[in-house]
Amino acid sequence: MDFSIRAANLDDCKDIARMITVSRHVCACSRAHLEQDGFSKNPFFHGIIAEVPEQHRTKEGHTKIGYALYFYTYSSWKGRAVYMEDLYVMPEFRGKGIGKALMSKVAQLGLAAGCNQLDFTVLEWNKSSLDFYLSQGCFDVTADLGYHCMRCEGEALQHLAQP
Amino acid sequence: MEYKLRKAEPKDVSDILRLVKELAKYEAMEHQVALTEKELLEDGFGDTPLYHCILAEVQGEQSGEDPKVIGFAMYYFTYDPWSGKQLHLEDFFVMEEYRGHGIGSEILKQLSDLAMKTRCHGMQFIVAEDNEPSISFYKRRGAEDLSTAEGWRLFRFTENSLYKMAASTEE
């Protein structure tokens, strides 16, 4: 199937918000926040969109059928790194290399920016994704090195900040 | 114990690298540190810093001696499209002989304060599962282990596999 991969722009936020809402099974993701946080002078993230030609559009008329969100991070061991926050392809378009093409684009952009590491997280029950990523040459840092992701938010964060 | 917390400056890169290596050694990963002072300088103190550091400093032992950097935190900002900005704590370390004086707690308090002021939804970090003292330290302060609680696993492409991924073509 013919498809194209390109950098996301402000007009894509509506479709990115749509796909985030579906993929994360959450209440509607805010398009306005995406526009403000991703497309202002100092963006907090960058996006890539996968698009198909009109003749392959979905029943609802969508041609933007996949996306990846990423941002630059820093490894105290290796220096510049890139983190892929989201990678998603609509179910009816999977199995055609689109996910791999999106990830490949993030890797290319990361390397061009001087990064030598690409990180992301995967849920342990998501066997098909785990197998796919392992087949592409990455390794499971949590399983191999025992590294756990921890977070402090909401009341716990406020409590920590108190004098 | 008297100490001072301050933002890192370009002159601090050798101390930052020293403490990065000390923390890596504590994790039995010293051989993994490839970062150089030159990279720390370019990446932390250019037009667009890729990381930030808070340093903990004590007075020199002899009069006339320079202050000594004895602890640090390296952090940067990340993004979750559903909840917003997060502060990611990359490294956090106080030299062994200076622990137990509240320096680590004070660094974490300053970071939390900064996270709130910069409208971050949370503060996140990676901890090795066998690092019990650190896990207890964080859990006592309300942190949640997302790997255990929600099943999140960190995956990584290192340099060689990253090149292969970048070079792969559409099927």
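Residues numbered from 1 in each chain as written. Chains lettered and ligands numbered in written order. Predicted model: local features only at pLDDT ≥ 70, side-chain atom pairs only at ≥ 80, totals over all residues. Heavy atoms only, no water.

### Observations regarding the overall build of chain A
Scanning chain A from N- to C-terminus turns up six helices and seven strands. Along chain A, helices (α) and strands (β) appear in the sequence β-α-α-β-β-β-α-β-α-β-α-β-α when read from the amino end. Structurally, chain A occupies a C-alpha span of about 60 × 35 × 35 Å along its principal axes. Split into buried and exposed, the 163 residues of chain A put 52% on the buried side. The contacts of chain A with a sequence gap of at least 6 include a subset with a gap of at least 24, amounting to 57%. For chain A, the computed accessible surface area is about 7600 Å², with 50% contributed by carbon and sulfur atoms. Seen as two clouds, the 17 positive and the 19 negative side-chain charges of chain A have centres 5 Å apart. (Helix = DSSP H or I, 4+ residues; strand = E, 2+ residues; numbered from the N terminus. Buried < 20%, exposed > 50% of the residue type's maximum accessible area, 1.4 Å probe, protein only. Contact = heavy atoms within 4.5 Å. Areas by Shrake-Rupley, 256 points an atom, 1.4 Å probe, with all protein chains shown as cover. Lys, Arg positive; Asp, Glu negative; His and termini not counted. Charge placed at Lys NZ, Arg CZ, Asp CG, Glu CD.)

### Examining the sheet that holds strand β2 (residues 52-58) of chain B
Judged by pairing direction, the sheet is mixed, and its seven strands sit side by side in the order β1(B)-β2(B)-β3(B)-β4(B)-β5(B)-β7(A)-β6(B) without closing on themselves. A single partner strand is all that each edge strand has here, and the edge strands are β1 (4-7) and β6 (144-145) of chain B. On top of the sheet, helix α3 (residues 103-117) of chain B reaches β1, β2, β3 (68-80), β4 (84-94) and β5 (122-128) of chain B; it is set at about 165 degrees to β4(B), its chief contact. (Pairing = 2+ DSSP bridges. Axes fitted to C-alpha atoms, helices over the stretch in contact; angles between N-to-C directions.)

### Notes on the nonpolar core
Among the nonpolar cores identified, the biggest contains 106 residues, and F120(A), I16(B), L40(B), F72(B), M74(B), I107(B) and Y138(B) are the most heavily contacted of them. The dominant element in this core, judged by the number of residues it contributes, is β3(B), at eight residues. Counting contributing residues per domain, this core is built from domain 1 (4-120) and domain 2 (122-163) of chain A, each supplying no fewer than three. When sequence neighbours within four positions are dropped, the list of residues in contact with L40(B) reads Y74(A), V13(B), I16(B), L17(B), L35(B), F45(B), Y51(B) and M74(B). (Core = buried A, V, L, I, M, F, W, Y, C linked by side-chain atoms within 4.5 Å. Domains from an automatic or database assignment.)

### Overview of the domain arrangement of chain A
Residue and element names in this part refer to chain A. Per the domain assignment, the segments making up chain A are domain 1 (4-120) and domain 2 (122-163). Taken together, the five residues of domain 1 in the interface contact six residues of domain 2. Summing both partners gives a buried area of about 520 Å² for domain 1 against domain 2, and 75% of it is carried by carbon and sulfur. Per-residue buried area on domain 1 facing domain 2 is highest for K100, M103 and F120; these three make up 70% of the total on that side. Linking domain 1 with domain 2 are zero salt bridges. Where domain 1 touches domain 2, the interface holds zero residue pairs in polar contact (both at pLDDT 80 or more). Residue composition of the side of domain 1 that touches domain 2, by class: four nonpolar, no polar and one charged. (Buried area = accessible area lost by both parts, 1.4 Å probe. Salt bridge = Lys/Arg side-chain N within 4 Å of Asp/Glu carboxyl O. Polar contact = N/O pair within 3.5 Å; in protein donor to acceptor, adjacent residues only side chain to side chain. Nonpolar A, V, L, I, M, F, W, Y, C, P; charged D, E, K, R; others polar.)

### Description of the pattern of salt bridges
By the definition in use, this model includes 19 salt bridges over all chains. In this structure, R153(B) engages D140(A) in a salt bridge whose closest nitrogen and oxygen atoms are separated by 2.5 Å. With one member in each of two chains, R153(B) in strand β7 (residues 152-157) and D140(A) in strand β6 (residues 139-140) form a pair that bridges those chains. D140(A) sits in the buried class, given a relative accessible area of 6%.

### Quick look at helix α2 (residues 31-38) of chain A
Residues and elements named next belong to chain A. Taken together, the buried positions of α2 are L34, D37 and G38. One face of α2 carries all of its buried residues, which in axial projection span an arc of 85 degrees. For α2, the side-chain oxygen to backbone nitrogen distance between the N-cap and A32 is 3.4 Å, and the N-cap itself is S30. (Arc of directions from axis to C-beta.)

### Observations regarding the interface of chain B and chain A
Contact with chain B, which involves 69 residues of that partner, is made by 71 residues of chain A. Taken as a group, Y79(B), F155(B) and R156(B) account for 14% of the area that chain B buries against chain A, more than any other trio of residues on that side. One can count 35 residue pairs in polar contact (both at pLDDT 80 or more) joining chain B with chain A. Residue contributions to the side of chain B that touches chain A peak at seven residues, all from β5(B). By residue class, the composition of the side of chain B that touches chain A is 35 nonpolar, 14 polar and 20 charged. Of the strand pairs in this sheet, β6(A) and β7(B) are connected by two bridges, and their pairing is antiparallel. Bridge pairing links F139(A) to R156(B) in β7(B).

### Some details on the environment of P49(B)
All names here are of chain B. With respect to the element layout, P49 can be found in the loop between α2 (37-45) and β2. According to the relative accessible area criterion, P49 is partly exposed, its value standing at 33%. Taking the C-alpha atoms as reference points, P49 and Y76, 27 residues apart in sequence, are found 9.0 Å from one another. Ignoring any residue separated from it by four or fewer positions in sequence, one finds P49 in contact with D43 and G44.

### Digging into the environment of Y75(B)
Residue and element names in this part refer to chain B. Locating Y75 in the fold gives a position in strand β3. Between the alpha carbons of Y75 and S63 there is a distance of 33 Å; along the sequence they are twelve residues apart. Ignoring anything within four residues of it in the chain, the contact list for Y75 reads Y51, H52, C53, I54, L87, H88, L89, E90, L111 and L114.

### Considering the confidence of the model for chain B
When pLDDT is averaged along chain B, the result is 90, and 98% of the positions lie at 70 or above. For this predicted complex, the interface confidence score (ipTM) comes to 0.91, while the overall pTM stands at 0.91. (pLDDT = per-residue confidence, 0-100.)

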